Amino acid sequence: MTEESTKQKVRDAVGGTTDARGGPVDVVLSDMAPNMSGDYDLDHARSVHLVRQAFEVATDLLDSGGDFAAKVFDGQDLADLKADIEPEFEYVREVRPDASRDSSSELYLVAKHRLTAPVREGDVVEVTIDDMGEEGDGIAKVDGFTVFVSGVGEGETVEVRIDDVKPRFAFGQPAE
Ligand SMILES: C[S@@+](CC[C@H](N)C(=O)[O-])C[C@H]1O[C@@H](n2cnc3c(N)ncnc32)[C@H](O)[C@@H]1O
């Protein structure tokens, strides 16, 4: 999976890549592990590199709302790896299955609900409220993506701070 030609074979096999309408696969699962050298830091770094290859495939192919899980050896680069994966999903968990040997440093990063939304938590965007939802929130579109905005009325144009992003919609409120 470190070869571009392999990644292309995978794309061809599933028939395309992710676009605004979604992606061709629901799950990307990697159990890849490097050949062990015995040098812990090196094995950790190679393992992180393999997860990054799988993550590239995941962002390339996952449908909106899809999931990614990958084995990785624990170590100093884990936090950065997880931080790079986090913005692309609703949340990421570290899972250490009972089935792993006690002596093993392996764990799985489980990233749930791929976000293909054009907005992210913390973004401030100007929107026009073009409809009202059943529960009284304003409804706006950002590049065709639905944002529910609290405390606004139909027809208003407001700066909105995005505070929660789901695969198919986001929530926001007027920025102070
Ligand atoms: C723990 S084994 C996976 C076992 C697998 N879940 C099974 O049940 O057969 C780790 C695997 O990672 C694979 N691997 C290591 N480097 C790889 C790479 N660059 N691209 C693809 N696979 C790789 C190895 O070939 C090995 O099969």
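This one's a predicted model, so the numbers in the text were calculated from it and none came from an experiment.

## Overview of the nonpolar core
With 31 residues, the main nonpolar core has Val 28, Val 51, Ala 54, Ala 58, Phe 68, Val 147 and Val 149 as its most contacted residues. Secondary-structure elements contributing two or more residues to this core are β1 (25–30), α2 (40–61), β2 (62–73), β4 (106–114), β8 (145–149) and β9 (157–165). Here this core gets seven residues from one element, more than from any other, and that element is α2. When residues of this core are sorted by domain, at least three fall in each of domain 1 (4–114) and domain 2 (124–174).

## Section: the pairing of β9
Here five bridges tie strand β5 (residues 124–128) to β9, and the two strands are oriented antiparallel to one another. Counterpart to Glu 126 in the pairing with β9 is Glu 159. Alignment of β9 against strand β10 (residues 169–174), held across five bridges, turns out to be antiparallel. Bridging from a neighbouring strand, Val 160 pairs with Pro 174 of β10. Hairpin remark: β9 followed by β10, antiparallel, with three residues in the connecting loop.

## A look at the domain arrangement of the protein chain
Considered domain by domain, the protein chain is made up of domain 1 (4–114) and domain 2 (124–174). A straight line from the C-alpha centre of domain 1 to that of domain 2 covers 32 Å.

## Comments concerning the sheet that holds β4
Strand order across the open sheet formed by four strands is β1-β2-β4-β3, with mixed pairing between neighbours. Pairing within the sheet leaves two strands with one partner each, and these edge strands are β1 and β3 (89–95). In this sheet, adjacent strand axes meet at a mean angle of 10° when their direction is disregarded. Examined bridge by bridge, β3 and β4 share six bridges and lie antiparallel to one another. Directly across from Tyr 91, in β4, lies its bridge partner Lys 112.

## Side note on the confidence of the model for the protein chain
Residues of the protein chain with pLDDT of at least 70 account for 99%, and the chain-wide mean is 94. For the protein chain, per-element mean pLDDT is lowest for helix α1 (residues 4–14), which scores 94, and highest for β1, which scores 98.

## Observations concerning the environment of Ile 162
Inspection of the secondary structure puts Ile 162 in strand β9. Using a count of 22 C-beta atoms within 10 Å as the deciding quantity, one classes Ile 162 as buried. Taking the C-alpha atoms as reference, Ile 162 lies 9.3 Å from Phe 148; in sequence the two are 14 residues apart.

## As for the packing of α1 against α2
It is at 11 Å that the axes of α1 and α2 come closest, and there the two elements cross at 30°. Accordingly, the angle class assigned to the pair α1 and α2 is roughly parallel. Where α1 crosses over α2, the handedness of that crossing is right-handed. Here Lys 7, Val 10, Arg 11 and Val 14 of α1 come into contact with α2, specifically with Val 57, Asp 60 and Leu 61. Looking at the contact of α1 with α2 residue by residue, the classes come out as four nonpolar, no polar and three charged.

## Details of the pairing of β1
In terms of strand pairing, β1 meets β2 through five bridges, oriented parallel. Of the residues in β2, the one forming a bridge with Val 28 is Phe 68.

## Considering the sheet that holds strand β7 (residues 138–142)
A sheet is described by the order of its strands in space; here six strands give the open sequence β5-β9-β10-β8-β7-β6, paired in mixed fashion. Among the strands making up the open sheet, the edge pair consists of β5 and β6 (131–132).

Cut-offs and rules
- Residues numbered from 1 in each chain as written.
- Predicted model: local features only at pLDDT ≥ 70, side-chain atom pairs only at ≥ 80, totals over all residues.
- Core = buried A, V, L, I, M, F, W, Y, C linked by C-beta atoms within 7 Å.
- Buried ≥ 20, exposed ≤ 12 C-beta atoms within 10 Å, placed from the backbone.
- Helix = DSSP H or I, 4+ residues; strand = E, 2+ residues; numbered from the N terminus.
- Domains from an automatic or database assignment.
- Pairing = 2+ DSSP bridges.
- Axes fitted to C-alpha atoms, helices over the stretch in contact; angles between N-to-C directions.
- pLDDT = per-residue confidence, 0-100.
- Parallel < 35°, antiparallel > 145°, perpendicular 65-115°, else oblique.
- Left-handed = near helix turned anticlockwise from the far one by under 90°.
- Contact = placed C-beta atoms within 7 Å.
- Nonpolar A, V, L, I, M, F, W, Y, C, P; charged D, E, K, R; others polar.

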